Amino acid sequence: MRIDTLLNANKRMLSFEVFPPKPNTDVEPIRQAIDSIADMKPSFMSVTYGAGGGNSKNTVEIAKGIARKGVTPLAHLTCIGATKDDIRKRLSELREAGIENVLALRGDRPKDMPSDIEGEYPYADALVRDIRDFGGFCIGAACYPEGHVECRDRAQDLSNLKRKVESGCDFLTTQMFFDNSVLYSFLYRLRDNGIQIPVVPGVMPVTNSRQIARSCELSGTSLPSRFRMIVDKFGDDPAAMKQAGIAYATEQIIDLFANGISAVHLYTMNKPDVAAAILSNLSEILK
C-alpha cells in the first residue's frame, strides 16, 4: 500500500525503521531481528540504505521480505555519489520487486569521497524530481526540526525543504528529537510557509548512553535538560537506561498522539524487544 494513502486515513499509527546488515557481517541475526519486528505488524517499515549505495541489494531484499510478512515497506534511496543511470537502475530494481514507497535522501558522504565533488545529485530535491519523473512511487523525504547541520540557519533549511516538497514528495519524516515542543514549533513554521503534506515525527528510544552522543553529533539534535538528567543518572546501568529510554520515548509518543499527531515513526535500531515494549505501552492507545 502507498504510505500517503495510509497517512491520509488519519488513524493512529506506529511505524518502525530497520537497517540491513553491513557488508562482511553475519546476516542471519539481523534478518531474524527484522522478521521479529515485522511480526508485530507496524503500519509500515522503512529500510535504510548504505552510504554510496553500499547496501542497496540488501535494502531491496529486506523490503521484499517485509512485504511478504504483510507489512508495507518503505525503501530508503540515497543519491550522493550516484549518477542518474545509477538511480534509474535502483528504481527499476525496486519496481521489479513490487516496492512502491521510497524515502529520497541525499545520504551521508562516503569517507573516500572528496569534499569538492558533488556529483549529479548535490541535494535531495533533484532525486525527488527524478523519482517523480520515473513514476509509480510514493515519495517521502527527510526533514529536520532543529535544522540540518550543514545549513547556516533554520531559514536556509526551510528553503531547502520547500524545494524538496515542490519537487514532488508526498510526505516527510523527521530526524529524531527529544523535546516535543521543538517538533510543534517546526510544524507551525512549515504550515506558515505553505508546506501542507503529512509529516511523520521520528522518535528514537535511547537504550544505551553511548549511542546518543554520536547520534546527536551527526544529526544536530539537542538534548533537553530532563533527558540529560536521565542519561546522567542511569547511563552507567544498562538495564535501567534501557527501561528509562523506553519510558521516555513512550511519553513522547503519547504526547504526540494527544496533540493531534496521527502517525509516529520509531527508530528501533533493529531491537525487537524495544519495539515490543513500546507497542505494549501503547496497546490501548493504538487500538
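Above: the structure in question.
> Help me understand the overall build of the protein chain, please; the structure alone is not making it clear to me.
Tallying secondary structure elements over the protein chain gives 11 helices and 8 strands in all. Here the C-alpha radius of gyration of the protein chain, 18 Å, is about what a compact globule of 287 residues would show, namely 19 Å. Each of the three principal axes of the protein chain carries a C-alpha extent, and together these read 50 × 45 × 40 Å. In the protein chain, which comprises 287 residues, the share counted as buried stands at 53%. Once local pairs closer than 6 in sequence are excluded, the contacts in the protein chain between residues at least 24 apart make up 80%. Of the accessible surface of the protein chain, which amounts to about 13,600 Å², a share of 49% is contributed by carbon and sulfur atoms. For the protein chain, the separation between the mean place of its 35 positive charges and that of its 36 negative charges on side chains is 2 Å.

> In this structure, what is going on with the sheet that holds strand E1 (residues 13-18)? I would like to understand it.
Hydrogen bonds between backbone groups are what pair the strands of a sheet, and the pairing can be parallel or antiparallel. An order of E1-E2-E3-E4-E5-E6-E7-E8 is seen for the 8 strands of this closed barrel, with the pairing classed as parallel. If you compare each strand with its neighbour and ignore which way they point, the axes differ by 30° on average. Across the sheet, helix H3 (residues 56-68) lies against E1, strand E2 (44-47) and strand E3 (72-78), angled at about 170° from E3, the strand it touches most. Each of E3 and strand E4 (101-105) is contacted by helix H4 (residues 84-96), which is oriented at about 170° to E3, the strand it contacts most.

> Looking at this structure, I do not really get the pairing of strand E8 (residues 263-267). What am I missing?
Working note: regular strand, side chains alternate between the two faces of the sheet. Burial within E8 is extensive, with 5 of its 5 residues counted as buried. Covered by surrounding structure in E8 are Ala-263, His-265 and Tyr-267 together with Val-264 and Leu-266, the residues of both alternating faces. Pairing between strand E7 (residues 199-203) and E8: 2 bridges, direction parallel. In the sheet register, Val-203 faces E8, and the bridge partner there is Leu-266.

> In this structure, what is going on with the packing of aromatic side chains? I would like to understand it.
To describe a pair of aromatic rings, you give the distance between the ring centres and the angle between the ring planes. In total, this model carries 3 aromatic pairs according to the counting rule given. One aromatic cluster in this structure is built from Phe-178, Phe-227 and Tyr-248.

> Explain the packing of helix H9 (residues 225-234) against helix H10 (residues 238-258) here, please?
Interaxial distance between H9 and H10 falls to 9 Å at its minimum, and their mutual angle equals 165°. As judged from the angle between their axes, H9 and H10 are roughly antiparallel. Where H9 crosses over H10, the handedness of that crossing is right-handed. Touching Arg-226, Phe-227, Ile-230, Val-231 and Phe-234 of H9 are Ala-240, Met-241, Ala-244, Tyr-248 and Glu-251, all from H10.

> Can you walk me through the state of the cysteines in this structure?
This structure, assessed with the given rule, holds 0 disulfides. Lacking any disulfide linkage, Cys-138 is separated from the closest cysteine sulfur, that of Cys-169, by 9.5 Å. For Cys-138, a relative accessible area of 0% corresponds to the buried category. For the unlinked cysteine Cys-169, the closest cysteine sulfur is that of Cys-143, found at 8.9 Å.

Rules of the game
- Residues numbered from 1 in each chain as written.
- Predicted model: local features only at pLDDT ≥ 70, side-chain atom pairs only at ≥ 80, totals over all residues.
- Heavy atoms only, no water.
- Helix = DSSP H or I, 4+ residues; strand = E, 2+ residues; numbered from the N terminus.
- Rg over C-alpha atoms; globule rule 2.2 N^0.38 Å.
- Buried < 20%, exposed > 50% of the residue type's maximum accessible area, 1.4 Å probe, protein only.
- Contact = heavy atoms within 4.5 Å.
- Areas by Shrake-Rupley, 256 points an atom, 1.4 Å probe, with all protein chains shown as cover.
- Lys, Arg positive; Asp, Glu negative; His and termini not counted.
- Charge placed at Lys NZ, Arg CZ, Asp CG, Glu CD.
- Pairing = 2+ DSSP bridges.
- Axes fitted to C-alpha atoms, helices over the stretch in contact; angles between N-to-C directions.
- Phe/Tyr/Trp six-rings, centres within 6.5 Å; stacked < 30°, edge-to-face > 60°.
- Parallel < 35°, antiparallel > 145°, perpendicular 65-115°, else oblique.
- Left-handed = near helix turned anticlockwise from the far one by under 90°.
- Disulfide = S-S within 2.5 Å.

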